[in-house]
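These are the residues of each chain, in order.
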Amino acid sequence: MAITTAGPWSGPAREGPGPDTDPATLERELTEAVLAGAARSDVLRALRAATGRHARLLSAQGVPLAATDGGAGLPAAVAHGVLDGAAGPVVDTLDGLRAAALPVRAGTTVAGVLLTVGRCDPYVRALAGAAVTALLIDAVRAGDEQAAAVPPRHTAADVVAALRSGTVSPSERAAAMALGIDLEHPPAAAVLHYSGSRLRAWSTALAWLEHPVQQEARTAWTVVPGEAALARLRTRLRLMTGDECADHVVAASGSHPDSADDLVRSFTEAERLLGLARSRHVPQLTFGGCGVVQMLLPLPRARLEAYAEAHLGPILDRPELMATLRAWLAERGSRQSVSEQLHLHRNSVGYRVRQIKNLLGTDPLLPAASAELHLALAALDLLRSDDGRLHADGHPRDDDEPVPTSG
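Before going into details, it helps to say that this report is about the structure given with it. (Residues numbered from 1 in each chain as written. Predicted model: local features only at pLDDT ≥ 70, side-chain atom pairs only at ≥ 80, totals over all residues. Heavy atoms only, no water.)

## Topic: the overall build of the chain
Cut-off, in case you're wondering: Starting at the N terminus, helices and strands are each numbered in turn, a helix being any DSSP run of H or I of at least four residues and a strand any DSSP run of E of at least two. Accessible area is worked out with a 1.4 Å probe on protein chains only. A residue is then buried under 20% of its type maximum, exposed over 50%, and partly exposed in between. Whether two residues touch is decided by their heavy atoms; if any such pair falls within 4.5 Å, the residues are in contact. Every accessible area reported is derived by Shrake-Rupley at a probe size of 1.4 Å, with residue values counting cover from the shown protein chains alone.
Helices and strands together make up the secondary structure of the chain, namely 17 helices and ten strands. Counting across all 407 residues of the chain, residues that qualify as buried make up 46%. In the chain, of all internal contacts separated by at least 6 residues, the share reaching a separation of at least 24 is 63%. Carbon and sulfur atoms form 54% of the exposed surface of the chain, whose accessible area is close to 18,900 Å².

Structure (structure tokens):
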């Protein structure tokens, strides 16, 4: 129900409050309107019309619950300070605006913090105070006083989990914004895995990151603005764990999504690339640096299997020929290099290559055949990495030991 009244504040918003807007009358009309079914957003719009200032209602953690301008909230410490009386009436919002802050609470009922954007004006503050009763009624009406007044606080892990699943609620979206995640221009998804023995140090290092992180045992999910940021993050974690082996921290990132909904795809890409990085024993693999694998990531498993079978079928069950083919393509047909790499006699290399040509019916070094075989090998690598990648609960197959949490 929209709030309607014939009072002086019911028309279009003005640059400032009208001199004949009576706070007591405003309070009575707002209260009556909420009792009749009006929502907190209606209260804020009425307050906007009365004061000429944009209004925002924040939770106790500083997360926007409703706003007339879609603006940002406050750091949690500042919001708590307003409610506890430790912060003054003027605050700076996360989007860089000055605002007058008013605690909205009565006893144990806490509706949050009410902001009127702009300079602190005693008359505007009085009008804002006229909305407190209506907002408290709205909070209590929503259900249990504590549950309705203080929405569940979303941790950084909660936010990342919601982004991974694609089920981001309005409050989680607001929490993401408070964490500095711009869901209008979202960053890329990233996944990191630790294979060392210092699990307690790994958990501690993740907890100290400035990035929002969801951790499950050895694996952590986050978001990064770019490949350089991922490299810095991986290096920092490696140094913080104090692990001497640089390869014990492996990182991967997906493509940059166009929207928050696309983050689900980006996380899936990052997880598959993490599996590929681990199977290839490389410390970092990104969507931009994974080569032809980019073309394969969107394909379902059945398509990858069919492509690998079509081009590698006759030698798929011959590991010695598969190893020789990989080396032959990588070394561009240098028998000496393949011989040294595989510890084979040059004649043995030649014999194996002849077998490969006969079984596949083509020369692997011909441009068209080489491109197809490179793609088929990449498809096979991706399939094998999927076989060993994260379970649905986030744990790789080799994660049998628990992560210490104390001591």
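## A word on the packing of helix α13 (residues 301–312) against helix α17 (residues 367–387)
Applicable threshold: Lines fitted to the C-alpha atoms define the axes, with helices restricted to the stretch that makes contact. Angles between their N-to-C directions range from 0 to 180 degrees. Any angle from 65 to 115 degrees is called roughly perpendicular, while one under 35 is roughly parallel, one over 145 is roughly antiparallel, and all others are oblique. Handedness of a crossing follows from how the near helix is turned relative to the far one, being left-handed for an anticlockwise turn of less than a right angle and right-handed for a clockwise one. Throughout, the ten residues Ala, Val, Leu, Ile, Met, Phe, Trp, Tyr, Cys and Pro are labelled nonpolar, Asp, Glu, Lys and Arg are labelled charged, and all others, Gly among them, are labelled polar.
Contact pair α13 / α17: the axes reach a minimum separation of 9 Å and the direction vectors enclose 135 degrees. Between α13 and α17, the interaxial angle falls into the category oblique. Crossing handedness for the pair α13 and α17: left-handed. Note on element contacts: α17 touches α13 through E372, L373, L375, A376, L377, A379, L380, L382, L383, D386 and D387, opposite R301, L304, E305, Y307, A308, H311 and L312. Among the residues forming the contact of α13 with α17, the class breakdown is twelve nonpolar, one polar and five charged.

## Notes on helix α11 (residues 263–280)
What counts, and what does not: Given the number of residues in a helix, its expected span is that number minus one, multiplied by 1.5 Å.
For α11, which comprises 18 residues, the first-to-last C-alpha distance of 25 Å matches the rise-based estimate of 26 Å (1.5 Å per residue) to within 8%. What α11 keeps buried is the set L263, S266, F267, E269, A270, E271, R272, L273, L274, G275, L276 and A277. H281 lies just past α11 and shows a positive phi near 60 degrees.

## Comments concerning the sheet that holds strand β7 (residues 214–216)
Note the threshold: A strand pair is defined by DSSP finding two or more bridges across the two strands.
If you walk across this open sheet you meet the five strands as β7-β8-β6-β9-β10, and the pairing is mixed. Each having just a single partner strand, β7 and β10 (284–286) make up the two edges of the open sheet. Geometrically, the sheet is characterised by an average inter-axis angle of 15 degrees between neighbouring strands, direction not taken into account. One ladder, built from five bridges, connects strand β6 (residues 188–194) with strand β9 (residues 249–253); its direction is antiparallel. Considered in β9, the bridge of H193 is made with V250. Taken strand by strand, helix α7 (residues 156–165) contacts β7 and β8 (219–224), and its axis lies near 85 degrees from that of β7.

## Points about the environment of L199
You can see L199 is positioned in helix α9 (residues 199–207). Counting along the chain gives 18 residues from L199 to A217, while the straight-line C-alpha distance between them is 8.2 Å.

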